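Overview (structure and organization)
Given next are the chains, with one letter for each unit.
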Amino acid sequence: MNQQEKQLETLTEIRSLMERSSRFISLSGLSGIFAGIFALFGVLALSIKFPFSIDSFTYYRQAYLENDEINKSFFVFFGLIALFMVIASMSVGYYFTSRKAKKNGLTVWDSSAKRLLINLFIPLVTGGIFCGILLYHKLIPFVIPATLIFYGLSLLNASKYTLNDIRFLGICEIVLGLISGIFVEYGILIWAIGFGLLHIVYGATMYFKYER
């Protein structure tokens, strides 16, 4: 190995060390796949409990009773489904992420992971509060668009502390959120695409790109 090759190898190692210290690179594509599967199961359970017609996938008709009052049972069930999805996705995500980190000789909870979570949860928590405000004012059709848009903004905000691929997922979520804000009658269907199919596609891409 000549001097130039040694210098290039040294620069490569330095760059790798800098990337590891500034970016959380242990995200597993399998986490995204399972998160998408959980989301699709959640939508399936919701559609079985509160059936939707094929020609008009109008979720907010189920959210109101005949006297224009909010259907509490709909939101209780929807909340339980969402809670299950979050807990299951986070549990599976932690398992696959820690396994990948261990395989690469890295720690899961480091400074880059802290920065990632902080930048992820600031828009996410803000979006959750905003959705609560929408529910308070009975603006039901715009809850699903808000969840997609704020989730996409969370991914964009956190993308600078992890792999750049997550940025494209965030952009797609925002676009779907804007579309669902126009076609509110297809809110659940678009929500299933955003949190279900997109996560599966993203996770599979990440897995075959970085883990195989």
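Structural notes, computed from the coordinates. The model shown is predicted, which means the values in this text are computed figures rather than measured ones. Counting restarts for each chain: residues are numbered from 1 in the order of the written sequence. It should be noted that, the model being predicted, local features are given only for residues of pLDDT at least 70 and side-chain atom pairs only at 80 or more, the latter also being counted only at that level, while totals for whole chains, interfaces and linings use all residues. Computation of side-chain values: all heavy atoms of the structure, hydrogens and water removed.

1. Concerning the nonpolar core
Judged by nonpolar contacts, the single largest core of 27 residues is most densely connected at L148, L155, W191 and F195. The way it works is that DSSP assigns letters per residue, a run of H or I at least four long becomes a helix, a run of E at least two long becomes a strand, and they are numbered from the N terminus. Contributions of two or more residues to this core are made by α2 (29–49), α4 (72–103), α5 (111–136), α6 (143–158), α7 (165–182) and α8 (187–211). Residues contacting W191, with those up to four places away along its chain left out, are A39, V43, M85, I144, T147, L148 and G196. By nonpolar core we mean a set of buried residues, namely Ala, Val, Leu, Ile, Met, Phe, Trp, Tyr and Cys, connected to one another through side-chain atoms within 4.5 Å. Buried, partly exposed and exposed residues are distinguished by accessible area as a fraction of the type maximum, computed with a 1.4 Å probe on protein chains only: under 20%, between the cut-offs, and over 50%, respectively. The next biggest cluster of nonpolar side chains, apart from the first, holds 6 residues, and it includes L30, I33, F38 and F96. Contacts are assigned to residue pairs with any non-hydrogen atoms lying within 4.5 Å of each other.

2. Some details on the packing of aromatic side chains
Two rings from Phe, Tyr or Trp (for Trp, the six-membered ring) form a pair when their centres sit within 6.5 Å of each other. Planes less than 30 degrees apart are called stacked, planes more than 60 degrees apart edge-to-face, and all others tilted. One pass over the full model with this rule turns up 8 aromatic pairs. Taking 6.0 Å as the distance between ring centres and 70° as the angle between the ring planes, the aromatic pair formed by F38 and F84 counts as edge-to-face. Of the two residues, F38 sits in helix α2 while F84 sits in helix α4, which places them 46 residues apart along the sequence. The partly exposed category is assigned to F84, whose relative accessible area is 46%. Ring geometry for F130 versus F150: centroids 5.7 Å apart, planes at 45°, classification tilted. Pair noted here: F130 is in helix α5 and F150 is in helix α6, with a separation of 20 residues, a long-range link. Here the aromatic residues F34, F38, F84, Y95 and F96 are joined through ring pairs into a cluster of three or more. Here K49 stacks its cationic end above the ring of F77, 5.9 Å away from the centre of that ring. By the criterion adopted, a ring carries a charge over it if an Arg CZ or a Lys NZ lies within 6 Å of its centre and within 35 degrees of its normal.

3. Comments concerning empty space enclosed by the protein
Grid spacing is 1 Å over the protein atoms alone, the probe is 1.4 Å, and a cavity is where that probe fits but cannot get out, while a pocket is an open set with protein on both sides within 12 Å along at least five of seven lines and lining residues have an atom within 4 Å of a point. Grid points are joined across faces, edges and corners, and a volume is the space filled by probe spheres set on the points. Scanning the model with the defined rule gives 1 cavity of 30 Å³ or more in all. Taken as a whole, the largest cavity encloses approximately 40 Å³ of empty space. Around the largest cavity sit G42, V43, L46, F78, I81, A82, M85, I188 and W191, which together line it. Of all the secondary-structure elements, those providing two or more residues to the lining of the largest cavity are α2, α4 and α8. With 4 residues, α4 is the largest single contributor of residues to the lining of the largest cavity. For this classification, Asp, Glu, Lys and Arg are treated as charged, while Ala, Val, Leu, Ile, Met, Phe, Trp, Tyr, Cys and Pro are nonpolar and the rest, including Gly, are polar. Of the residues belonging to the lining of the largest cavity, the class tally is 8 nonpolar, 1 polar and no charged.

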